[in-house]
Each structure stands twice: as structure tokens, then as C-alpha cells.
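Understanding the architecture of this molecule
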Amino acid sequence: MPLLPIITLPDEKTLRQVSKPVSMVDSNVKRRWDDMLETMYHAPGIGLAAIQIGVPERLLVLDLSKDGEPKTPLFVANPEITWESAAQSDYEEGCLSIPDYYEMVTRPAEIKLRYLDRQGEPQEIHATGLLATCLQHEIDHLNGILFIDHISRLKRERVLKKFQKAQKLGKL
Ligand code: GNR
Ligand code: NI
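First things first, this report covers the structure right here in the doc. Keep in mind it's a predicted model, so treat the numbers as computed, not measured.

Points about the coordination of the nickel ion (ligand 2)
Note on metal geometry: ideal angles are 109.5 degrees for four donors arranged tetrahedrally and 90 or 180 degrees for six donors arranged octahedrally. Listed as protein donors to the nickel ion (ligand 2) are Cys95 (SG), His137 (NE2) and His141 (NE2); their distances from the metal cover 2.1 to 2.3 Å. Of note, the nickel ion (ligand 2) draws all its donor residues from one chain, in the sequence arrangement C-x41-H-x3-H. Linking cysteine 95 in strand β4 (residues 88-95) with histidine 141 in helix α3 (residues 129-142), this pair joins segments that are 46 residues apart in sequence. We note that cysteine 95, like histidine 141, is buried.

Now the structure itself:
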């Protein structure tokens, strides 16, 4: 089961779930990561959390490589942010679960992240720039948080309503 459908708004019942840690990195986790990566590349996107394919496990994939460059996938299990910079940065975010909507989000500019890698080994990385932004966006998904939760209530409710209405009209 390689290419999987990506869950979008208005399915908050799924997207608001808090995902559970994996107990170990085994062949099932590796297959899940591989399916997620293929689905992410196809979308296309630069990150994907397992809940976006309906799986409430603390797994994510990410690849910031540019078109035509060698791919640089990052496989992450059970991530924990151990430090955030006081300095913030703004980035215009989008989300595969909120198609065709983009808005500026302010987040810590740098983070330290502890996680289990593809070999099940603990790693700690210092992330800056787009990597820091994208990791925080994906970790939010694991906690049932969407990037629209970081924007104004007026904008958030407008987006949620738009997706609810589209579904009622049979357009999703
Ligand atoms: O593909 C994606 N692009 C993106 C751009 C700015 C900030 C975050 C992201 S993540 C997003 C894919 C996605 O929805 N991951 O959860
Ligand atoms: Ni997203």
C-alpha cells in the first residue's frame, strides 16, 4: 500500500487526534515511513505526519531537497523538542491537509530535536530555517494542532467554514 490518500479538512475528528509514540522502530514502522514518503513526494510536499494518512503514531517524514537535486529524506519517530530559541521567525505555511490555503505563521526560529532515526538510534539535531519551521509544523500534527491554530481566530474560522461548506456541496 504505497500511495495513500491524504486526510484534509473538514475531517477534524482525525486531524485533531493526539498520536501515540511507537514502542520501537521495526519493519512496520519502516514500511509506514516508506509509504508516507512516497505519498509526500507525490503530493508534492516537504513534510508529512502519519496522522495525515489516518495513522495516529508519532512518525513523520521530511525532505527539503529541491527539484532535480538528490533526495534527502529524513525519517523521524517519537520527536521531542528539547530547546526552542527565543528568537522567532515568520514563514508562509501551507498544509497538505488544508489544500490551497497559505498564511504567515510565527514560530521559534531554531529548535533542538531529539528523536529516533531509521535505525532506531536516538539522535539530537539543531534545526534552523525552513527545517525548524517544517519540523514544528509536523510535530504540531502529532499533537492534533494545525497551522491555522497559530493564526487569528477570524481567519481560522473562515477557513474551517470554507471546508465544511465545500464538503456539504459535495466538492471535497
Ligand atoms: O508541503 C508542505 N509545505 C510547507 C510549507 C511551509 C511550512 C510547512 C510546510 S509542511 C507542508 C506539508 C504538510 O502539510 N505537512 O504536514
Ligand atoms: Ni501539514
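Let's talk about the sheet that holds strand β6 (residues 110-116)
With respect to topology, 5 strands assemble into an open sheet ordered β1-β2-β3-β6-β7, the strand pairing being antiparallel. In the strand order of this sheet, the two ends are held by β1 (47-49) and β7 (122-128), each with one partner. Taking the axes of each pair of neighbouring strands and ignoring which way they run, one obtains an average angle of 40° across the sheet. Of the pairings in the sheet, the one linking strand β3 (residues 74-84) to β6 comprises 5 bridges and is antiparallel in character. By the bridge assignment for β6, tryptophan 83 is matched with lysine 112. Sitting on the sheet, helix α2 (residues 27-42) is in contact with β1, β2 (59-62), β3 and β6, with an inclination near 40° to β2.

Section: α3
With 14 residues, α3 extends 21 Å from end C-alpha to end C-alpha; this agrees with the ideal 20 Å at 1.5 Å per step. Most of α3 sits out of view: 11 of its 14 residues are buried. Of the residues making up α3, those classed as buried are Ala132, Thr133, Cys134, Leu135, Gln136, His137, Glu138, Ile139, Asp140, His141 and Leu142. Following α3 by one or two positions, glycine 144 has its phi on the positive side, about 75°.

Here we look at the site of ligand 1
Near ligand 1 there are 13 residues, and of these Ile46, Gln52, Leu96, Glu138 and His141 occur at the shortest range. Within the backbone of leucine 96, an N or O atom sits 2.8 Å from an oxygen atom of ligand 1. Contact between ligand 1 and histidine 141: an oxygen atom at 2.9 Å from a side-chain N or O atom of the residue. If ligand 1 stood free it would expose 380 Å²; the protein chains cover 91% of that surface. For the shell around ligand 1, the secondary structure elements donating two or more residues are β4 and α3. Take the shell around ligand 1: its biggest share by element is 5 residues, from β4. Grouping the amino acids of the shell around ligand 1 by side-chain chemistry returns 4 nonpolar, 6 polar and 3 charged.

Parameters at a glance
Along each chain, numbering runs from 1 in the same order as the chain's sequence is written. For naming, the first written chain is A and the first written ligand is 1, with later ones following in the order written. Residue-level local features of this predicted model are given only where pLDDT is at least 70; pairs of side-chain atoms are given and counted only at 80 or more, and the full residue set underlies all totals for whole chains, interfaces and linings. As a convention, hydrogens and water are excluded, and side-chain values are obtained from all of the structure's heavy atoms. Donors, by definition, are the N, O and S atoms found within 2.8 Å of a metal, the threshold being 3.2 Å for Na, K and Ca, and water is not counted, so a site can look incomplete. By the criteria applied, helices consist of DSSP H or I runs no shorter than four residues and strands consist of E runs no shorter than two, each listed in order from the N terminus. Buried, partly exposed and exposed residues are distinguished by accessible area as a fraction of the type maximum, computed with a 1.4 Å probe on protein chains only: under 20%, between the cut-offs, and over 50%, respectively. A pair of strands is labelled paired if DSSP reports no fewer than 2 bridges between them. What counts as an axis is a line fitted to C-alpha atoms, over the stretch in contact for a helix, and the angles between N-to-C directions run from 0 to 180 degrees. Any pair of residues with heavy atoms lying within 4.5 Å of one another is described as a contacting pair. A helix is expected to reach a length of 1.5 Å times the quantity of its residues less one. Nearness is defined per residue: one heavy atom within 4 Å of the molecule or strand is enough. Counting of polar contacts relies on pairs of N or O atoms within 3.5 Å, with two restrictions inside protein: one atom must be capable of donating a hydrogen and the other of accepting it, and residues adjacent in sequence are counted only when both atoms are side-chain atoms. A 1.4 Å probe and the Shrake-Rupley method give the accessible areas. Residues count as covered only by the protein chains that appear here. Any residue outside Ala, Val, Leu, Ile, Met, Phe, Trp, Tyr, Cys, Pro, Asp, Glu, Lys and Arg is labelled polar, Gly included; the first ten of those are nonpolar and the last four are charged.

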